[in-house]
Amino acid sequence: MNLLELAQKRCSIRKYASSPVEDEKLAYILEAGRMAPSAVNFQPWYFVIIRQEAGRTKIQECYAREWFRSAPLYILVCGDHSQSWKRSSDRKDHMDIDVAIATEHISLAAAEQGLGSCWVCNFDTDLCRKHFNLPDTIEPAVILTIGYPESPDLFEQTPKKRKTLEEIIKEETF
């Protein structure tokens, strides 16, 4: 499968089978995240793996949606503001961008391995910091659910609403 086919396959899965994610597949998708590019190669990310019942209960308190409970594995993707690059002209902190790139690498690698994922950004970050003992410079940015889709057909059945290229491409100038 080429990259475009993989990007077209990947979608937000919200119905997971109870099957656990194999350690080999987890290692593979984490390696894909580790290899993501970042501003000035600072790599300001941490991946907190949550699959034991105690951690699952805590992360589910941070985002109390029924579908969320069905995921067998969560990756709390965090960024470190003390390690991220800041642009000199305006002090723009690139932590969010770097973390997003790493998260998408993980999502694409998961899809390649037949695993579903879903980015969750609307969660209680303060509770998350408390539950997972995050230092002050570490920001919980994304909770990524990972698991086998309840049905493999979900990859094809999930609508992929995207703007057309004509709506988003500007040539030479805006």
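Residues numbered from 1 in each chain as written. Predicted model: local features only at pLDDT ≥ 70, side-chain atom pairs only at ≥ 80, totals over all residues. Heavy atoms only, no water.

1. Describing the layout of surface pockets
What counts, and what does not: Two kinds of site are reported from a 1 Å grid over the protein atoms alone, namely cavities, where a 1.4 Å probe fits but cannot get out, and pockets, open sets with protein on both sides within 12 Å along at least five of seven lines, and residues are called lining when an atom falls within 4 Å of a point. Grid points are joined across faces, edges and corners, and a volume is the space filled by probe spheres set on the points. The numbering of helices and of strands both runs from the N terminus, where a helix is a DSSP run of H or I of at least 4 residues and a strand a run of E of at least 2. Any residue outside Ala, Val, Leu, Ile, Met, Phe, Trp, Tyr, Cys, Pro, Asp, Glu, Lys and Arg is labelled polar, Gly included; the first ten of those are nonpolar and the last four are charged.
By volume, the largest pocket amounts to about 170 Å³. Every residue lining the largest pocket is listed: Leu 4, Ala 7, Gln 8, Arg 10, Glu 104, Leu 108, Lys 160 and Arg 162. Broken down by secondary-structure element, the contributors of at least two residues to the lining of the largest pocket are α1 (3-9) and α4 (95-112). At three residues, α1 tops the list of elements feeding residues into the lining of the largest pocket. Classifying every residue of the lining of the largest pocket gives three nonpolar, one polar and four charged.

2. Details of the UniProt feature "domain: Nitroreductase" (unreviewed entry) in the protein chain
Where we set the bar: UniProt positions are given in the numbering used here, feature names are shortened, and annotations may be inferred rather than shown by experiment.
The positions that UniProt labels "domain: Nitroreductase" (unreviewed entry) are, in the present scheme, residues 8-62. Annotated as residues 8-62, this span is 44% helix and 11% strand, and its ends, taken at the C-alpha atoms, are 30 Å apart.

3. Considerations on the sheet that holds strand β4 (residues 138-147)
Condition: Paired strands, in this sense, are two strands between which DSSP finds at least two bridges. Between N-to-C directions, angles cover 0 to 180 degrees, with each direction set by a line fitted to C-alpha atoms, over the stretch in contact for helices. We call two residues in contact whenever any of their non-hydrogen atoms come within 4.5 Å of each other.
Reading across from one edge, β1-β2-β4-β3 is the order of the four strands in this open sheet, with antiparallel pairing throughout. Every interior strand has two partners, whereas the edge strands, β1 (45-50) and β3 (116-120), have only one. Adjacent strand axes in the sheet meet at a mean angle of 25° when their direction is disregarded. Bridge count for β1 against strand β2 (residues 73-80) is six bridges, and the pairing is antiparallel. By the bridge assignment, Ile 50 is partnered in β2 with Tyr 74. In the packing of helix α2 (residues 23-34) onto the sheet, contacts are made with β1, β2 and β4, and the angle to β1 comes to roughly 165°. Set on the sheet, α4 makes contact with β1, β2, β3 and β4; between it and β4 the angle comes to about 10°.

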